[in-house]
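Spelled out from the first residue to the last, the chains are:
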Amino acid sequence: MNVLKRSFYCMTLLSFAYFNIQCKGEKKGDNTSEEMPQSKKMVTISKAAFGVTADSVQVDSYTLKNQQGMEVQIITYGGIITSLKVPNKAGVIEDVVLGYPTLAQYEKSSPYFGALVGRYGNRIAKGKFSLDGTEYTLATNNGPNHLHGGEKGFDKVVWSAEVLDDEGALKLSYLSKDMEEGYPGNLKTIVTYTLTEDNALEVFYESTTDKKTIVNLTQHSYFNLSGDFSKTILDHEIMINADAFIPVDKTLIPTGELKEVANTPFDFRTAKPIGQDIDVENDQLKNGLGYDHCWVLNNQNQGIRLTATAFDKASGRFMEVFSDEPGIQLYTGNFLDGTLPSKQGGTYAYRTGFCLETQHYPDSPNQKEFPSVVLNPGETYKTKTSFKFSTK
Ligand code: GLA
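Bear in mind the structure is a predicted one, so any value in this text is a computation, not a measurement.

Undergrad: So, the packing of aromatic side chains: which residues are in play, and what are the values?
TA: Within the structure shown, the criterion is met by 24 aromatic pairs. Residues Phe-113 and Tyr-222 carry aromatic rings whose centres are separated by 4.8 Å and whose planes lie at 80° to one another, so their mutual orientation is edge-to-face. Placement of the pair is Phe-113 in the loop between helix 4 (103-108) and strand 6 (115-117) and Tyr-222 in the loop between strand 16 (218-220) and strand 17 (237-240), with a sequence separation of 109 residues. For the pair shown, Phe-113 and Tyr-222 are each scored as buried. Relative to Tyr-291, the ring of Phe-268 lies with its centre 5.1 Å away and its plane at 70°, an arrangement referred to as edge-to-face. Placement of the pair is Phe-268 in the loop between strand 19 (259-260) and strand 20 (272-273) and Tyr-291 in the loop between helix 5 (283-288) and strand 21 (292-297), with a sequence separation of 23 residues. What links up through ring pairs into an aromatic cluster is the set Tyr-100, Tyr-106, Phe-113, Tyr-222, Phe-229, Tyr-331, Phe-335 and Tyr-348. The aromatic ring of Phe-311 is capped on one face by Lys-392, whose charged end is 4.7 Å from the ring centroid. The ring of Phe-318 carries Lys-392 above its face, with NZ or CZ at 4.2 Å from the centroid.

Okay, here's the thing in structure tokens:
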């Protein structure tokens, strides 16, 4: 990551505008560089035009492919993962993330399919928070609350892209101007997606600011490990390494309590199907219309560790989510209602995708007991999450 850090500090505003893109063509068995792990060298990255936004900005797609056949397509609009193809237990490679085939559809209406979410992933009560006695007002775009960065969050802006050839990585950059969407400070953000040869997609986030601000970035992919988006995700088995979760009110704002998961439908310490308890009589499940909650992950301050897993028995696909974040939101596609078009034809029905969004807790700026989301000038916000795929 040193290269990344260095290039970040050297970056001028101009260099945000455009980068030279190179397509890689290393061959198997190429041993020219001793330091570069063979695994990273094998990833190939290709670029193609994806579309043009309603306000005439060019959007490109980048496809990262490793030697195992795992393939990830990312577009510069919203840093969206538009497809993620991984093998099942028979070696059949299929797409496991919901999305759209066209940019126009993403622009028209998307429940954050595959997107980078910022400046603040999740909700901020009444769209208000204070820093050093100054109150800031954000868009209330989710009932009475602020959600996922506002009207035009990081999911709807066009990022600058740079291919990091030697690392099998795509580096996306975005400068969010002071008071954009109501947030203070010019916030420079870099998100680096890295595909590894052991079928992991790593997401590394970095931000700096010139004025005290808040930041909480996440990735909003909807997974359906079956590869068949007409199926619900209710029989996917989920494990969440958390002894407690964060109860919310009817508008999904934390009550402030951290509740033990033991003897509740929120106990995923041992893997169980999403559908096992999702419809039991429970006030929290009513508030979320299913699972739409943040879990208080175990082993905080231990750096990157296993936070959650998902397993689809029929396909054998297994996903592990590693992160250094204190929380993870499990959202079970409760708002999918059969109105949005599926890239596989038809529409996305109720609960046909689930999200595991690593993050700080919802409404942290207004909850003094929660881990801080404040970023000061001179500091660098850094966080990493890795989605690793295998079969069993
Ligand atoms: C998040 C929220 C959900 C919902 C989805 C997008 O996961 O927690 O309530 O808004 O995004 O539909």
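Undergrad: Tell me about the side chain of Thr-76, and please be specific about residues and values.
TA: Structurally, Thr-76 is set in the loop between strand 3 (71-75) and strand 4 (81-87). Dropping the residues within four chain positions of it, Thr-76 is found in contact with Gln-58, Val-59, Asp-60, Tyr-62, Val-157, Val-158, Trp-159, Ala-161 and Leu-172.

Undergrad: Could you give an account of the confidence of the model for the chain, with specific residues and numbers?
TA: Averaged over all residues, the pLDDT of the chain equals 91, while 90% of them reach at least 70. When the criterion is pLDDT under 50, residues 1-36 qualifies, and its contacts beyond four places in sequence or with other chains add up to 63 contacts.

Undergrad: Please give an account of the pairing of strand 12 (residues 169-176) that cites residues and values.
TA: With seven of eight residues buried, strand 12 is to be regarded as a mostly interior element. The pairing of strand 11 (residues 160-164) with strand 12 spans five bridges and is classified as antiparallel. Looking at strand 12, one finds that Ser-160 is bridged to Ser-173. Between the antiparallel neighbours strand 11 and strand 12 lie four residues, among them Gly-168 with a positive phi of about 60°. Pairing of strand 12 with strand 13 (residues 187-195) involves eight bridges; the strand directions are antiparallel. Within strand 13, the position partnered with Lys-171 by the bridge is Thr-192.

Undergrad: Quick rundown of the site of the ligand? Include the residues and the values.
TA: The ligand sits among 13 residues. The nearest are Arg-123, His-148, His-220, Asp-292 and Glu-357. Contact between the ligand and Glu-357: an oxygen atom at 2.8 Å from a side-chain N or O atom of the residue. Residue classes in the shell around the ligand are distributed as seven nonpolar, three polar and three charged.

Undergrad: Give a description of unusual backbone geometry that names residues and reports values.
TA: Of note, the bond from Gly-118 into Arg-119 is cis; its omega dihedral lies within 30 degrees of zero at 0°. Within the secondary structure, Arg-119 is located in the loop between strand 6 and strand 7 (123-124). Here the phi dihedral of Met-179 falls at roughly 75°; this positive angle occurs in a residue that is not glycine. Secondary-structure assignment places Met-179 in the loop between strand 12 and strand 13. Backbone geometry at Asp-363 places phi at a positive 55°, although glycine is not the residue there. With respect to the helices, strands and loops of the structure, Asp-363 is situated in the loop between strand 25 (355-359) and strand 26 (374-375).

Undergrad: Describe the environment of Ser-315, listing the residues and the values that go with them.
TA: Of note, Ser-315 is situated in the loop between strand 22 (305-312) and strand 23 (317-323). Using a relative accessible area of 6% as the deciding quantity, one classes Ser-315 as buried. Distance in space between the C-alpha atoms of Ser-315 and Leu-225 is 7.4 Å, their sequence separation being 90 residues. Not counting the four nearest positions on each side in its chain, Ser-315 is found in contact with Asn-88, Lys-89, Leu-225 and Ser-226.

Reading the values: the criteria
Residue indices follow the written sequence of each chain, beginning from 1 at its first position. Whole-chain, interface and lining totals are the exception, using all residues; otherwise, since this is a predicted model, local features are given only for residues with pLDDT of at least 70 and side-chain atom pairs are given and counted only at 80 or more. Calculation of side-chain values draws on the structure's entire complement of heavy atoms; hydrogens and water are dropped beforehand. Put simply, two rings from Phe, Tyr or Trp (the six-membered ring, in Trp's case) pair if the centres are within 6.5 Å, and we call them stacked under 30 degrees between planes, edge-to-face over 60, tilted for the rest. Going along the chain from the N terminus, every DSSP run of H or I of four or more residues is numbered as a helix, and every run of E of two or more is numbered as a strand. Per-residue accessibility, obtained with a 1.4 Å probe over protein chains only, is compared with the maximum for each type, and a residue is labelled buried under 20%, exposed over 50%, and partly exposed between these values. For a ring to carry a charge above it, either NZ of a lysine or CZ of an arginine must fall within 6 Å of the ring centroid while also lying within 35 degrees of the normal to the ring plane. Contact criterion: two residues are considered in contact whenever any of their non-hydrogen atoms come within 4.5 Å of each other. Every residue gets a pLDDT, meaning the predictor's confidence in that residue, from 0 to 100. Strands are treated as partners if at least two bridges between them are detected by DSSP. Any residue with at least one heavy atom within 4 Å of a molecule or strand is counted as near it. Under the rule applied, a polar contact is a pair of N or O atoms within 3.5 Å (in protein, one hydrogen donor and one hydrogen acceptor; residues adjacent in sequence only if both atoms are side-chain atoms). In this classification, the charged set is Asp, Glu, Lys and Arg, the nonpolar set is Ala, Val, Leu, Ile, Met, Phe, Trp, Tyr, Cys and Pro, and all remaining amino acids, among them Gly, are polar.

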